[in-house]
Amino acid sequence: MAEITAALVKELRERTGQGMMECKKALVAAGGDIEKAIDDMRASGAIKAAKKAGNIAAEGAIAVKVAADNKSAVIVEINSQTDFLALQEDFKAFVADSLEKAFVEKLTDVAPLVAAQESAREALVAKTGENVNIRRLTRVEGDVVGAYLHGHRIGVLVTLKGGDSELAREIAMHVAASNPQFLDPTQVSEEAVAKEKEIFLALNADKIAGKPENIVENMVKGRISKFLAEASLIEQPFVKDPEIKVGALAKKAGAEIVSFVRYEVGEGIEKAEVDFAAEVAAQVAASKQ
């Protein structure tokens, strides 16, 4: 029997629109076979139709809310199958209600929010015909918290020690645009550095061939230093003024960047490739039968 992992439960939930407990039970009964679990759920009437890979909810919206005192904030991602639904009032109302509940109840994990909103989610799915999922949530607290929302697709929270909410918002705007992977170079893992070194050596094999070892070592060090600067927030040139780095900008204002959170709709969700020509051809062929 295959291990019933959280990732497997999550995938089944995204594909069927059913609750986590129902999905876990179905997977246990099916011995961890997700396709069998879907068939069993359909056969039992638990779902009217399985939402196959092409219907994975990978669109949707990011929403943020900051406390009036700028000392705490929450960010959520709620997914839909299409961006069209993400722009509709029913979906927006569900997002707003979910965000408010997460904020008021000071939730730090998505599971309680998913459970609390399950009935409302099911009603929305039934009304719209699209799968909808509350995917993730992060709550932050600190001396100063600022946020930036770019449309409904990218949201950022930044926590500072010192400074003010406007500075935090400016840095959050930079994070939205530049997408740093780490706060500072010390947070970059050895695995990430090793991978970058491996990629550099592979891409520059012709240039490196025949060069002395110390020269190659210096070339690698130079690339790694550049990588650390590009990937680290405090080392990036500020988008509004490239003459100053983000870390220096904060320091100039008497602040220190403590952390940041960046959400982008659908990141990390594998979307199915749709061959529209083949789809149309299949529909035409079916109509002739």
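Preceding this section is the structure that the text describes.
All of the points below concern the structure found in this document. (Residues numbered from 1 in each chain as written. Predicted model: local features only at pLDDT ≥ 70, side-chain atom pairs only at ≥ 80, totals over all residues. Heavy atoms only, no water.)

1. Section: the nonpolar core
- Judged by nonpolar contacts, the single largest core of 23 residues is most densely connected at Val76, Phe91, Val132 and Leu137.
- Elements that contribute at least two residues to this core include exactly strand 1 (59-66), strand 2 (72-80), helix 4 (83-86), helix 5 (89-104), helix 6 (110-116), helix 7 (118-128) and strand 3 (132-141).
- Filtering out sequence-adjacent residues up to four positions away, Val132 remains in contact with Ile78, Asn79, Leu85, Phe91, Phe94, Arg121, Leu124 and Val125.
- With 22 residues, the next largest nonpolar core counts Ile171, Ala172, Leu233 and Ile244 among its residues. (Core = buried A, V, L, I, M, F, W, Y, C linked by side-chain atoms within 4.5 Å. Buried < 20%, exposed > 50% of the residue type's maximum accessible area, 1.4 Å probe, protein only. Helix = DSSP H or I, 4+ residues; strand = E, 2+ residues; numbered from the N terminus. Contact = heavy atoms within 4.5 Å.)

2. Some words on the pairing of strand 3
- Counting buried residues in strand 3 gives 8 out of 10 residues, a clear majority hidden from the surface.
- As defined by bridge partners, strand 2 adjoins strand 3 across 9 bridges and the pair is classed as antiparallel. Bridging across to strand 3, Val76 finds its partner in Leu137. (Pairing = 2+ DSSP bridges.)

3. What about the environment of Leu249?
- With respect to the helices, strands and loops of the structure, Leu249 is situated in helix 12 (residues 246-252).
- For Leu249, a relative accessible area of 18% gives the class buried.
- Separated by 11 residues in sequence, Leu249 and Phe238 place their C-alpha atoms 7.8 Å apart.
- Residues in contact with Leu249, not counting those within four places in the same chain, are Leu167, Ile171, Phe238 and Ile244.

4. Re the pattern of salt bridges
- Inspection of every chain in the model, using the stated rule, returns 19 salt bridges.
- Arg153 is paired through a salt bridge with Glu59; the nearest N and O atoms lie 2.9 Å apart. Here Arg153 is found in the loop between strand 4 (144-150) and strand 5 (154-161), whereas its partner Glu59 is found in strand 1, with 94 residues between them in sequence.
- Under the relative-accessibility criterion, Arg153 is labelled partly exposed at 29%.
- For Lys71, the salt bridge is made with Asp143, and the minimal N-O distance between the two is 3.7 Å. Note that Lys71 is positioned in the loop between strand 1 and strand 2 and Asp143 in the loop between strand 3 and strand 4, a separation of 72 residues in sequence.
- With relative accessibility at 37%, the residue Asp143 sits in the partly exposed group.
- If you follow the salt bridges from partner to partner, you end up with Glu77, Arg135, Arg136 and Glu267 in one network. (Salt bridge = Lys/Arg side-chain N within 4 Å of Asp/Glu carboxyl O.)

5. Remarks on unusual backbone geometry
- Its identity as a non-glycine residue notwithstanding, Asn70 has a phi of 60°, on the positive side.
- The topology assignment puts Asn70 in the loop between strand 1 and strand 2.
- The class of Asn70 is partly exposed, set by a relative accessible area of 26%.
- Phi angles above zero are rare outside glycine, and Lys106 is one such case at about 55°.
- Within the secondary structure, Lys106 is located in the loop between helix 5 and helix 6.
- Note on Lys106: relative accessible area 56%, which makes it exposed.

6. Looking at the sheet that holds strand 4
- Spatially, the 3 strands line up as an open sheet ordered 4-5-8, and their pairing is antiparallel. Each edge of the open sheet carries a strand with a single partner, namely strand 4 and strand 8 (256-264). With strand direction ignored, the average angle separating the axes of adjacent strands in the sheet is 15°.
- This element, helix 8 (residues 165-178), spans strand 4, strand 5 and strand 8 of the sheet and lies at about 40° to strand 4. (Axes fitted to C-alpha atoms, helices over the stretch in contact; angles between N-to-C directions.)

7. Considering the packing of helix 1 (residues 6-16) against helix 2 (residues 20-29)
- Their axes nearest at 9 Å, the elements helix 1 and helix 2 cross at an angle of 115°. What the angle tells us is that helix 1 and helix 2 run roughly perpendicular. When the axes of helix 1 and helix 2 are compared, the crossing they make is right-handed. Residues Leu8, Val9, Leu12, Arg13 and Thr16 of helix 1 pack against Met20, Cys23, Lys24, Ala26 and Leu27 of helix 2.
- When the residues that make up the contact of helix 1 with helix 2 are grouped by side-chain class, the tally is 7 nonpolar, 1 polar and 2 charged. (Parallel < 35°, antiparallel > 145°, perpendicular 65-115°, else oblique. Left-handed = near helix turned anticlockwise from the far one by under 90°. Nonpolar A, V, L, I, M, F, W, Y, C, P; charged D, E, K, R; others polar.)

8. A look at the packing of helix 5 against helix 7
- With their axes 11 Å apart at the nearest point, helix 5 and helix 7 run at an angle of 170° to one another. Considering their axes alone, helix 5 and helix 7 lie roughly antiparallel with respect to each other. In contact with Asp90, Phe91 and Phe94 of helix 5, helix 7 contributes Ala120, Arg121, Leu124 and Lys127.
- In terms of residue class, the contact of helix 5 with helix 7 is built from 4 nonpolar, no polar and 3 charged.

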